Amino acid sequence: MITIKSITKSFGSLQVLKGIDLQINKGEVVSIVGPSGAGKTTLLQIIGTLDRPDGGEVVVDGVDVGTLSSKKLSDFRNLHLGFIFQFHQLLPEFTAQERANELLTFLGLTDRANHKPAELSGGEKQRVAVARALVNEPAVVLADEPSGSLDSKNKAELHQLFFDLRDKFGQTFVIVTHDEELAKLTDRTIHLRDGMVERDLTAEQLAEPTPKEAEEAL
């Protein structure tokens, strides 16, 4: 679904990404974690075609996005990608009626369909943002700190929602997060540090005790 080869990116003299190689499979829910400045959001923006790398190759849903013109890139983004941001970025003049009753029903928002953002709670706003990301039935959903502005209850509900959506609609999710609980839930956790992949672990590997933990358990 997503193949990333030797991606580099600099801003002035600062090299943010230093040769990233990744393969993300269809239907996976993948988290990208790491300290501030590791390059997480930059990588997500490059995967989402919101920014171009200085070097390397990004293939999304079988398309080498680096070969597309700006117009074709915009069309590709609209057809294949959905975006969820930390602060939902809803337009104040629109109601929650995006695609359809199926999404609103699935997300528990049927009775809020005619409400504008100012009339919604934080959790409801984020669920509307999720509905917006899914409106064009994208192959890939990209989320940048999607639960960062939510309380514990809404955060847990949103995290479960990602997996329910994957199971129902089959999308691939790539989520940048600082939330350790969310990272533990995802199929894979990719750790970035200093612009490079430090670790790429499945949920099973992540659950295994470290050598130190295993030693202390003896």
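Just above, that's the structure.
Residues numbered from 1 in each chain as written. Predicted model: local features only at pLDDT ≥ 70, side-chain atom pairs only at ≥ 80, totals over all residues. Heavy atoms only, no water.

*Asks:* Provide a residue-level description of the layout of surface pockets, including the pertinent values.
*Replies:* Approximately 260 Å³ is the volume found for the largest pocket. Only α6 (180–185), β9 (188–193) and α7 (203–207) provide two or more residues apiece to the lining of the largest pocket. Of the residues belonging to the lining of the largest pocket, the class tally is five nonpolar, five polar and four charged. (1 Å grid on protein atoms, 1.4 Å probe; cavity = no way out; pocket = protein on both sides within 12 Å on 5 of 7 lines; lining within 4 Å. Points joined across faces, edges and corners; volume = space filled by probe spheres on them. Helix = DSSP H or I, 4+ residues; strand = E, 2+ residues; numbered from the N terminus. Nonpolar A, V, L, I, M, F, W, Y, C, P; charged D, E, K, R; others polar.)

*Asks:* Kindly report on unusual backbone geometry, identifying the contributing residues and their values.
*Replies:* Leaving glycine out, the prevailing phi sign among residues is negative, and the prevailing peptide bond configuration is trans. A positive phi is found at T49, a non-glycine position, where the angle reads about 65°. Considering the arrangement of structural elements, one finds T49 in the loop between α1 (40–47) and β4 (55–60). The buried category is assigned to T49, whose relative accessible area is 5%. For E145, which is not a glycine, the phi torsion comes out positive at approximately 50°. (Buried < 20%, exposed > 50% of the residue type's maximum accessible area, 1.4 Å probe, protein only.)

*Asks:* Describe the nonpolar core, and please don't skip the residues or the numbers.
*Replies:* Within soluble globular proteins, side chains that are nonpolar generally end up buried alongside one another. Residues I2, I4, I20, L43, V60 and V140 are the most contacted members of the largest nonpolar core, which totals 31 residues. With five residues, the single largest contributor to this core is strand β2 (residues 14–24). Once residues lying within four places of it in the same chain are set aside, the contact partners of I2 are L22, Q23, I24, I47, V59, V60, V140 and V174. In terms of nonpolar packing, the next biggest core, distinct from the first, is built from 17 residues, L158, L165, I175 and L182 among them. (Core = buried A, V, L, I, M, F, W, Y, C linked by side-chain atoms within 4.5 Å. Contact = heavy atoms within 4.5 Å.)

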